[in-house]
Amino acid sequence: MSKIAVIGSNMVDLVTYIDRMPAQGETLEAPGFAMGCGGKGANQAVAAAKLGAQVLMLSKVGDDLFADNTLANFQRYGIDTRHVQRVAGVPSGVAPIFVQADSHNSILIVKGANAHLLPADIDAAAADLRDCGLIVLQLEINLATVYHAIEFGRRHAIPVLLNPAPALKGLSGENLAQLDFLIPNETELALITGLPVTGPESALVAAKTLVASGIKHLIVTLGEQGALYVGEQGEWRTAGLPVKAIDTTGAGDAFIGCFIHHWSQTRDIRAAMQKAVAYSACSVTGRGTQSSYPNAVAFAEFQKHITPQ
Ligand code: RIB
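Scoring rules and cut-offs
- Every chain is numbered independently, its residues counted from 1 as its sequence is written.
- Since the coordinates come from a predicted model, pLDDT governs what is reported: local features require at least 70, and pairs of side-chain atoms require 80 or more to be given and counted, while whole-chain, interface and lining totals use all residues.
- Excluded from the side-chain calculations are hydrogens and water; all other atoms, namely the structure's heavy atoms, are used.
- Strands are runs of DSSP state E lasting at least 2 residues, helices are runs of H or I lasting at least 4, and numbering of each runs from the N terminus.
- To form a nonpolar core, buried Ala, Val, Leu, Ile, Met, Phe, Trp, Tyr and Cys residues must be joined to one another through side-chain atoms within 4.5 Å.
- Buried, partly exposed and exposed residues are distinguished by accessible area as a fraction of the type maximum, computed with a 1.4 Å probe on protein chains only: under 20%, between the cut-offs, and over 50%, respectively.
- Throughout, a residue-residue contact means that at least one pair of heavy atoms, one from each residue, lies within 4.5 Å.
- Put simply, two rings from Phe, Tyr or Trp (the six-membered ring, in Trp's case) pair if the centres are within 6.5 Å, and we call them stacked under 30 degrees between planes, edge-to-face over 60, tilted for the rest.
- Counted as over-ring charges are cases with an Arg CZ or a Lys NZ within 6 Å of the ring centre that also lie within 35 degrees of the ring normal.

Peer 1: Is there a simple way to explain unusual backbone geometry in this structure?
Peer 2: When glycine is set aside, most residues are seen to have a negative phi, and most peptide bonds are trans. For the bond running from Ala165 to Pro166, omega is 0°, close enough to zero to count as cis. Among the secondary structure elements, Pro166 is positioned in the loop between β9 (160-162) and α6 (173-176). Phi at Ser103 is positive, roughly 90°, even though this residue is not glycine.

This is how it looks when you write it as structure tokens:
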């Protein structure tokens, strides 16, 4: 089984469960709080590792107690942390998250040490990265580092997947065109293409324009409506699964983590998307981000009880 390299963020999720957002100047009691390990890069790495993938993580933690916990968390799931380094005098990344009773969330991120993951760190890890069969990226680290990693993958014939989250304007078309996989959600796709995306039909139109620019495989995650593929293998939609969602935080990361694990094992994009839609659906039935990701045994159990739409 080839290793997956995740080059990205880690955060401490500070999750407050709320009935509603307070108005300006208002103090409001909230029904619950939980702290957990998060960050889009770390979430994707942990989801893949929980399912059995071998993961190499490139990330930066701060100079605080959060850092020890994040490192221990990676190690708990067997993730290779030789390239997760501490940055002196800098706090770890944190993410205050607000989850409403209807399961939807609002997230703030404070990058902290994540902003110190630099192109030179990729070069320093080159020997280990060359052993990997896939490089996975998101946008919670510096864009220069993301572009350097894309270029590294292209130079060494390692497939590269970018999850362009959180949504960012002005991504370089030249760099995106070098990707093997781009996996945006609807908001991110709209921002990248400048086209309106409000469901599967408009997502298809926008996705086609991006594929025409050179990306091999574009997968749009559509939340409860599943996911859409457009690329070298044609186009199709993977249906969503009806579940009772209680917390959607990190559902996109669950999709990516599961997709990279199954694609790395089988190279079957369609089958990996089906697994990823199911894994993501399972994750929204639990609270938190990584804490809601099932391991392989729990995921197999969940799949016995689901009926595709
Ligand atoms: O995608 C969910 C993640 O976004 C959270 O874990 C939070 O840390 C932010 O990075």
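Peer 1: Which parts of the structure should I look at to understand the nonpolar core?
Peer 2: Side chains that are nonpolar tend, in soluble globular proteins, to be buried together. Core analysis: the largest hydrophobic core is formed by 47 residues, its most contacted members being Leu161, Ile219, Phe255, Phe259, Ile260, Ile269 and Met273. Among the elements that line this core, the one with the most residues is helix α10 (residues 269-283), at nine residues. The contacts of Ile219, once residues within four sequence positions are left out, are Phe181, Leu182, Ile183, Pro184, Ala227, Leu228, Tyr229, Phe255, Phe259, Ile269 and Met273. Judged by nonpolar contacts, the second largest core, of 39 residues, contains Ile150, Leu176, Leu182 and Leu189.

Peer 1: Help me out: how do you make sense of the packing of aromatic side chains in this one?
Peer 2: Think of a pair of aromatic rings as described by two things: how far the centres are apart, and how the planes are tilted against each other in angle. Counting across every chain of the model gives six aromatic pairs. Where Phe181 meets Trp263, the ring centres are 5.1 Å apart and the plane angle is 75°; that geometry is what we call edge-to-face. Placement of the pair is Phe181 in strand β10 (residues 181-182) and Trp263 in helix α9 (residues 251-266), with a sequence separation of 82 residues. With a relative accessible area of 1%, Phe181 lands in the buried category. On the basis of relative accessible area, Trp263 is assigned to the buried category, the value being 8%. Grouped by ring-pair contacts, the aromatic residues Phe181, Phe255, Phe259 and Trp263 constitute a single cluster. A cation over a ring is seen here: Arg270 above Trp236, with NZ or CZ 4.1 Å from the ring centre. Its guanidinium or amino end placed over the ring of Tyr17, Arg287 lies 3.8 Å from that ring's centre, counting from NZ or CZ.

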